[in-house]
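# Results of the structural survey
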Amino acid sequence: MGYCNMSDVMSDRGVQWVVADPVEKNVFWPSEALKKKANVSDPKIYEIASKDPVAFWDNLAKEGITWFKPWTETYSWNPSIPVYKWFVNGKLNISYNALDRHLDTWKRNKAAMIWVPEPLNEQCRVMTYYDLYREVNKFANVLKSLGVKKGDRVGIYLPMIPEVQIAMLACTRIGAAHSVVFSAFSGEALKTRLIDAEAKVLITADGYYYRGKGVNLKANADLGIEGTSVKNVIVVKRLGTNVNFVSGRDLWWNELMEKADAKCAPEEMDSEDLNFILYTSGSTGKPKGVEHHVGGYAVQAYWTTKWAFDIHDEDIYWCTADVGWVTGHTYNCYGPFMNGATIVVYEGAVDYPAPDRWWKIIEEHGVTIFYTAPTAIRMLMKLGDELPKKHDLTSLRLIATVGEPINEEAWLWYFRVIGGGRCPIIDTWWQTETGGTLIHSLPGIGPYIPSVAGRPIPGIRFSILTEEGKPTEIGEGGYLVQNSPFNPGLIRTIWKDPDKFKETYWSVYGGNIYYTSDGGFVYDKLGDIRLTGRVDDVMKVAGHRVSTAEIENAITQHPAIVECAVVAAPHEIKGEAPVAFIILKSGYSYTPELEAELRKYIDKMIGPIARPEKYVLIEDLPKTRSGKIMRRILKSLIKNAPVGDITTLQNPESVQAIKERVGYKEPA
Ligand code: PRX
């Protein structure tokens, strides 16, 4: 008779995965147990990769991805345009890599997704890889039956329900590019994106649960498709509520799926074919359609998931990011599925029905890898240690962050209270444009240092430059840039706007250097990097990327507003929050009603995530002689920091007036 030892069954539970540095306070390294387990633990990988990054990625592409046809050239690059291509002429399908290739292995019956609905009285939905494969095939056939072809664009405006990943994988299966729009964006914001992408079909839902209430998403979707090229709207029945339904145009997901065949051959895609478009905020009012192409994105998504989260077959991995953002694309869909991982997807609010909901989910599902944003950590930290301590979180073995700099206090709380002082924290730096994470410590190598992301991953070259383009010394602040060969998943262009692409990323230091718009400095001799935030007019509000210009556009449409400038102010929990400086037309006064109306404008044009924290009524905005608003000065004033030289302003007196309004105190 065979007996098993209980300690073998859950042998990873509660293991000490990190050790403290013997000298440096708050610096941690992988323990022997972690080094032994980790997918990567030999630091030589950095050296090998840097000797020949192209050969390094060539090997990774062969090992990690199933190709229908091999490439003829690994990397091609022309700085004058600039154009860079990876795995040229290689053929593959990313949906095939996420699903089909697992079917001949034991993973066929492995849980691909554990979906957790917000209402506690509803059952979780568990889908195996085979289940997911069938659903994706069926939905791919549904799209085909509506005339969607390779190269077409499909809008996806869905909450966090399994249909969102099914829809994405179905699009890429038939070679249609998806454009996922975050479900908390307004109908107007959806419309702008659908028009720009010229989407043929929109996939949405009747609604979803948020904080116990049903949200009618279909009403926003109806607004969003007005005046667009969308011919059909496919509606998932999530709430079962009565929603507006236009016969002929609107179709129920479940009815279409009932009739669909469960086999749809994956389209053979060129490595440089369009995989998806994802809109993100830049320094103008118009969101940019970031283009990601199939081959390079797939290779990077696959490997970075394996490296950053040290994914193993038995892990239960939970990334809390909404699929509407790039983190959701790469680490809540493509990356983990290509790795054959089990993901947890949660529909609802962090604090519903109680603020320990996330900890309850970790306990109940035995989550081993947890990936979230510093904002959420700060918010949960404020609520105290009692809530997480009510739950057994010892299943966790790796915890990670993304989206904004994490302050030391939040890092240490996350490390101590959530990670139990056992788990490494992987602080991943990346952008919508980079497609996947690029700067972080490797779990099996370390170090893990509060507020320091780590080194660029193997095969990637970053520098921190001065304004003049000179490399900085350790500790000296500068601009973060990437050098060729660029990461395989890097943005290929901006959809329908190649000039903007050139201007945004390749004009500051020329066509040889990708400009990130982030500031930072090299922290130590190892080359670990600390990121300090955006240096352009983009804010990270609760981890969400929002442009000041978009908010300004919305506010200035109100008849009471003459002019307005929005800047990011530091915020204890959200990291940053917008503050709007407004000038009123004569005859108007600032009242709570006006503030409520402005809030409605923002909600209508963008969504509640962009609501200013505060409005400051002023008479004049500081401007240069050429009429440019000096947001830098406003930013300093709001932080009570010195404003520097203002003599070159057209209206230096405006600064004094604003100082009074914001209660600025001269430094002693
Ligand atoms: O400023 C950096 C910040 O988020 C920006 C990119 O935002 P987005 O395109 O929405 O992608 C977010 C998810 C990858 C960057 O330019 N950022 C992202 N990760 C970090 C970060 N800042 C500091 N530390 C990070 N780990």
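### What to know about the overall build of the protein chain
- Assigned secondary structure in the protein chain consists of 21 helices and 31 strands.
- Relative to the 2.2 N^0.38 estimate, which gives 26 Å for 668 residues, the radius of gyration of the protein chain is 25 Å and therefore close to what a compact globule would have.
- Reported as C-alpha extents along the three principal axes, the dimensions of the protein chain are approximately 85 × 70 × 55 Å.
- Residue burial in the protein chain is summarised as follows: out of 668 residues, 61% are buried.
- The contacts in the protein chain between residues at least 6 apart in sequence include a share of 71% that link residues at least 24 apart.
- As displayed, the protein chain has an accessible area near 25,900 Å², and 51% of this comes from carbon and sulfur atoms.

### Observations concerning the side chain of aspartate 322
- By secondary structure assignment, the location of aspartate 322 is in the loop between β18 (316-319) and α12 (326-338).
- Of the side chains bearing the opposite charge, arginine 193 lies closest to the buried aspartate 322, which forms no salt bridge; the N-O distance is 12 Å.
- A distance of 2.8 Å separates a polar side-chain atom of aspartate 322 from the backbone nitrogen of glycine 324.

### Topic: the packing of aromatic side chains
- The full count for this structure, using the stated rule, is 46 aromatic pairs.
- Between tryptophan 77 and phenylalanine 486, the aromatic rings sit 5.1 Å apart at their centres with planes inclined by 80°, giving edge-to-face as the arrangement. Placement of the pair is tryptophan 77 in strand β3 (residues 73-78) and phenylalanine 486 in the loop between β24 (478-483) and α17 (498-506), with a sequence separation of 409 residues.
- The exposure class of tryptophan 77 is partly exposed, given its relative accessible area of 25%.
- The lysine or arginine in question, lysine 237, covers the ring of tryptophan 252, its NZ or CZ lying 4.5 Å from the ring centre.
- Over the face of the ring belonging to tryptophan 17 we find arginine 397, whose NZ or CZ atom lies 5.7 Å from the ring centre.

### Concerning the environment of glycine 511
- Along the chain, glycine 511 falls in the loop between α17 and β25 (513-522).
- Its relative accessible area of 22% is what places glycine 511 among the partly exposed residues.
- Excluding residues that lie within four positions of it along the chain, glycine 511 makes contacts with Trp77, Pro79, Pro82 and Trp506.

### What to know about the state of the cysteines
- Under the criterion given, the structure shown has zero disulfides.
- For the unlinked cysteine cysteine 319, the closest cysteine sulfur is that of cysteine 333, found at 11 Å.
- On the basis of relative accessibility, which here comes to 2%, the residue cysteine 319 falls in the buried class.

### Points about the packing of helix α4 (residues 53-64) against helix α11 (residues 294-308)
- At a minimum axis distance of 10 Å, the contact between α4 and α11 shows a crossing angle of 85°. Here α4 lies roughly perpendicular to α11, going by the angle between them. Along its contact with α4, which presents Phe56, Trp57, Leu60, Ala61, Glu63 and Gly64, the element α11 presents Val299, Gln300, Tyr302, Trp303 and Trp307.
- In the contact of α4 with α11, the residues fall into eight nonpolar, two polar and one charged.

### Quick look at the sheet that holds strand β10 (residues 201-205)
- Here seven strands make up an open sheet; going across it, the order is β14-β13-β10-β8-β9-β16-β17 and the pairing mixed. Both edges of this open sheet fall to β14 (250-252) and β17 (288-293), since each of them pairs with a single strand only. Within this sheet the neighbouring strands show an average axis-to-axis angle of 25°, counted without direction.
- Summarising the sheet, β10 and strand β13 (residues 232-236) pair through five bridges and their orientation is parallel.

Calculation criteria
Residues numbered from 1 in each chain as written. Predicted model: local features only at pLDDT ≥ 70, side-chain atom pairs only at ≥ 80, totals over all residues. Heavy atoms only, no water. Helix = DSSP H or I, 4+ residues; strand = E, 2+ residues; numbered from the N terminus. Rg over C-alpha atoms; globule rule 2.2 N^0.38 Å. Buried < 20%, exposed > 50% of the residue type's maximum accessible area, 1.4 Å probe, protein only. Contact = heavy atoms within 4.5 Å. Areas by Shrake-Rupley, 256 points an atom, 1.4 Å probe, with all protein chains shown as cover. Lys, Arg positive; Asp, Glu negative; His and termini not counted. Salt bridge = Lys/Arg side-chain N within 4 Å of Asp/Glu carboxyl O. Polar contact = N/O pair within 3.5 Å; in protein donor to acceptor, adjacent residues only side chain to side chain. Phe/Tyr/Trp six-rings, centres within 6.5 Å; stacked < 30°, edge-to-face > 60°. Lys NZ or Arg CZ within 6 Å of the ring centre and 35° of its normal. Disulfide = S-S within 2.5 Å. Axes fitted to C-alpha atoms, helices over the stretch in contact; angles between N-to-C directions. Parallel < 35°, antiparallel > 145°, perpendicular 65-115°, else oblique. Nonpolar A, V, L, I, M, F, W, Y, C, P; charged D, E, K, R; others polar. Pairing = 2+ DSSP bridges.

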